[in-house]
Amino acid sequence: MFIKLSYKNASRSIKDYGIYFLTLVFGVCIFYMFNSIDAQKGIMALTQTENQAIKSLTSILDIISFFISIVLGFLIVYANGYLIKRRKKELGIYLTLGMEKRQISMILVFETIVLAIVALLVGLTIGILGSHIMSIFTAKMFEVNMASFKFIFSPNAALKSVIYFSVIFVVVTLFNTITVSKCRLIDLLYANKKNQELRLRNTSKSIFLFIISLICLASAYYLILTNGIINISTGFFLTLLLGILGTYLFFLSIASILTKTMMRTKKLYLKNLNMFVVRQISSMVNTNVISMTIVCITLLLAIGTLSSGVSMANFFSSDLTSKTPFDISFFYHDDFDIKEDKLSHDLEQYTDISKYTSSINIFSTYSDKNLSYEDIIIDKTIQLTGYFYRYPVDIISLSDYNKNAESQGHKTLSLSNDEFAVINTWDKLDNNFKLIENNNITIDINKKDLYLSKIIKTQMYSNDRVVLSPTLIVNDSLVKNMIKTQITLNANFNNKEDENNFLSQYRNSPHRYPYFSKDNIYTQAVEGKTISAFLAIYLGFVFLITCAAILSIQQLSQSSDNKYRYELLKNLGTDENMLNRTLFYQILIYFLMPLSLAIVHSIVGLTAVNAFIIEFSNVNIIRNIVISALFLIIIYGSYFVATYIGSKNVIRSKKMI
């Protein structure tokens, strides 16, 4: 009997369960899609390096999924609370008819099971279809072709989804059971009488708090734009504190100020049902200040992670070809008096490097103790770290550069006695060296004034750094008295098998030198790129769903609590269209309030992120912001539409609540 009653209740209340069901389906779908990455590699032609990257990504997603399940668990329990609140009258009637609380709990348990099964089936079905679309994105991330198209299903991801969400539903069931056991009949029968009160704060106090909030937010914006996004210092934490405090004070004060402003604009305030809309929104915002603050900040995180995460992914993988001109590069910088052939001698003695390689190139790097980067950065508009400014400038001889250029197939260089050239791969410094070159500014190198004759865009060794410090090229006679700071050995292997054999011998040799190989750099880039992109999208989606669901539930709860007010408006002669428009504007404004402030926060935050990215790379964040905006419109818009439809159903419902 309980099962039949539960099934009928779930079917009859499907409109009430709309938001709850939508949240469950979204949650299951996203959870499955991001945990099925491992299965998607079956339709892609991946190398061993890319397979390793997917393995690392899967491990990280396992950890993140646990965190995501906790967030979704709280969200589902929160949404379930709204449903219980809406059904208190119904539960009270069950008690009046003689049912025991234990039996009512059983009905709720069966209803939860019915919804859980349907949500899991629908969510997994959409998730399986979505994972095929996602595999296209995954292939793009790894820059590989799809081997063949075939149906992919991840039993592990499906099992994990079922287990995690089953735990969540068990928690929901316990929550419902405890709620029912603690309720008294009188509370259930008259739950609908406990309506939300219209609350307005003192205007003077609100204006004062609003000004404080603007000062806090302006200070936070200034700090993040001046200190940057990655400088984790006292200023960074102060930025967070001021941002959160400013957002809280903003929502604490804004409703009363807008209401008073509207009341003074009588023509607008008294038009149609604007007075009703303003007071409803004001009451909701004043009642939910903390949740509005949390939603706003979470929306900021969603927009920020979606926009900057993918940009950071491109940042990791940009210019990989130019970063790896050689298969492997070894470095030595412990003993500055050693000869260049020591490095090759050791490698030859213990690894037979010449046997495995088709070409070897060695060069030395020097420094002039009287010449730091501060002396060659004349463009005062460039803002770089103090550490970089004080660092000695890297200098190489002309003959070393020409040997390196020949091994890469580049043109050689010639310099007169009063000239030098610069190797600069840092785009931000291009204008600086053009200023030096175009204005014939001399640089004192080893007590000799030299003119810049050429700016070269090339890299002399393989390295995983985003940018390398500029290196000056001077005639060989000038480096004789300079300090040797580094010896670099570059090599290209005959083939992959020789590379593996060499590395195997090298790992067992007694002499170890730091090195970068092309394979390692590509592996790190692919891992960094894919992990950044997937985490950004995964977290961004969950944050968006969480925010939209909270706002939706609050609005539905408000519509339910204030149903009698809408009934009163009908009785006073308000037609259906005007009532619907009123409800539409009310929900729209309530959804837009935290989103608008979050967008302002995001503009400032993304400006700081973009400043960091373009300092080292040409990655443009604008395209990713547009893509993020589309995701936001789809998810946020879906919840807005579902909320509007749900609220209309609540108001039109003949059911006594």
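Residues numbered from 1 in each chain as written. Predicted model: local features only at pLDDT ≥ 70, side-chain atom pairs only at ≥ 80, totals over all residues. Heavy atoms only, no water.

In the nomenclature of an unreviewed UniProt entry, the chain is known as ABC transporter permease of Vallitalea longa. Per its UniProt entry, the chain bears the Subcellular location (unreviewed entry) comment "Cell membrane". One UniProt comment on the chain, placed under Sequence similarities (unreviewed entry), says "Belongs to the ABC-4 integral membrane protein family." (UniProt positions renumbered as here; feature names shortened; annotations may be inferred.)

1. Notes on the overall build of the chain
Check the secondary structure of the chain and you find 26 helices and nine strands. Looking at the chain as shown, the accessible area adds up to about 31,300 Å², and 62% of this sits on carbon and sulfur atoms. (Helix = DSSP H or I, 4+ residues; strand = E, 2+ residues; numbered from the N terminus. Areas by Shrake-Rupley, 256 points an atom, 1.4 Å probe, with all protein chains shown as cover.)

2. Here's the deal with the pattern of salt bridges
Overall, the coordinates contain six salt bridges when judged by the stated rule. With a shortest N-O distance of 3.6 Å, aspartate 400 and lysine 403 are connected by a salt bridge. Separated by three residues within a single helix, aspartate 400 and lysine 403 lie in helix 19 (residues 398-408), roughly one turn from each other. On the accessibility criterion, lysine 403 (42% relative accessible area) is partly exposed. The salt bridge involving lysine 457 is made with aspartate 430; its shortest N-O contact spans 2.7 Å. Placement of lysine 457 in the loop between strand 6 (449-456) and strand 7 (471-474) and of aspartate 430 in helix 20 (residues 430-438) is noted, with a sequence separation of 27 residues between them. Accessibility expressed as a relative area gives 46% for lysine 457, which makes it partly exposed. Salt bridges sharing partners connect three or more residues here, namely Lys496, Glu499 and Asp519. (Salt bridge = Lys/Arg side-chain N within 4 Å of Asp/Glu carboxyl O. Buried < 20%, exposed > 50% of the residue type's maximum accessible area, 1.4 Å probe, protein only.)

3. Details of the packing of helix 9 (residues 203-227) against helix 10 (residues 234-264)
Taken N-terminus to C-terminus, the directions of helix 9 and helix 10 make an angle of 150°; their axes are 7 Å apart at the nearest point. In terms of orientation, helix 9 lies roughly antiparallel with respect to helix 10. As helix 9 packs across helix 10, the resulting crossing turns out to be left-handed. Here the contact of helix 9 with helix 10 is composed, by residue class, of 18 nonpolar, 12 polar and one charged. (Axes fitted to C-alpha atoms, helices over the stretch in contact; angles between N-to-C directions. Parallel < 35°, antiparallel > 145°, perpendicular 65-115°, else oblique. Left-handed = near helix turned anticlockwise from the far one by under 90°. Nonpolar A, V, L, I, M, F, W, Y, C, P; charged D, E, K, R; others polar.)

4. Section: helix 24 (residues 563-571)
Residues of helix 24 that are buried include every one of Lys563, Arg565, Tyr566 and Leu569, and no others. One side of helix 24 carries all its buried residues, which in axial view fall inside an arc of 160°. Positive phi appears at glycine 573, one or two residues downstream of helix 24, with a value of about 105°. (Arc of directions from axis to C-beta.)

5. A look at unusual backbone geometry
In this model, asparagine 446 sits at a positive phi of 55°, which is unusual for a non-glycine residue. Position of asparagine 446 among the secondary structure elements: in the loop between strand 5 (442-444) and strand 6. Residue lysine 447 is not a glycine yet carries a positive backbone phi of 65°. Of note, lysine 447 is situated in the loop between strand 5 and strand 6.

6. Side note on a nonpolar patch on the surface
On the surface, Ile113, Ile117, Val118, Leu121, Val122 and Ile126 cluster together into a nonpolar patch covering about 480 Å² of accessible area. Position of valine 118 relative to the elements: it lies in helix 6 (residues 101-141). The exposure class assigned to valine 118 is partly exposed, which follows from its relative accessible area of 36%. (Patch = residues over 30% accessible without salt bridge, like charges linked within 9 Å, V, L, I, M, F, W, Y side chains within 5 Å.)

7. Notes on the packing of helix 10 against helix 12 (residues 274-287)
One can describe the packing of helix 10 onto helix 12 by two numbers: an axis separation of 8 Å at closest approach and a directional angle of 165°. Judged on the interaxial angle alone, helix 12 and helix 10 are roughly antiparallel. Once helix 10 is placed against helix 12, the crossing between them reads as left-handed. Touching Phe251, Leu252, Ile254, Ala255, Ser256, Thr259, Met262 and Met263 of helix 10 are Val278, Arg279, Ser282, Val285 and Asn286, all from helix 12. Broken down by class, the residue content of the contact of helix 10 with helix 12 amounts to eight nonpolar, four polar and one charged. (Contact = heavy atoms within 4.5 Å.)

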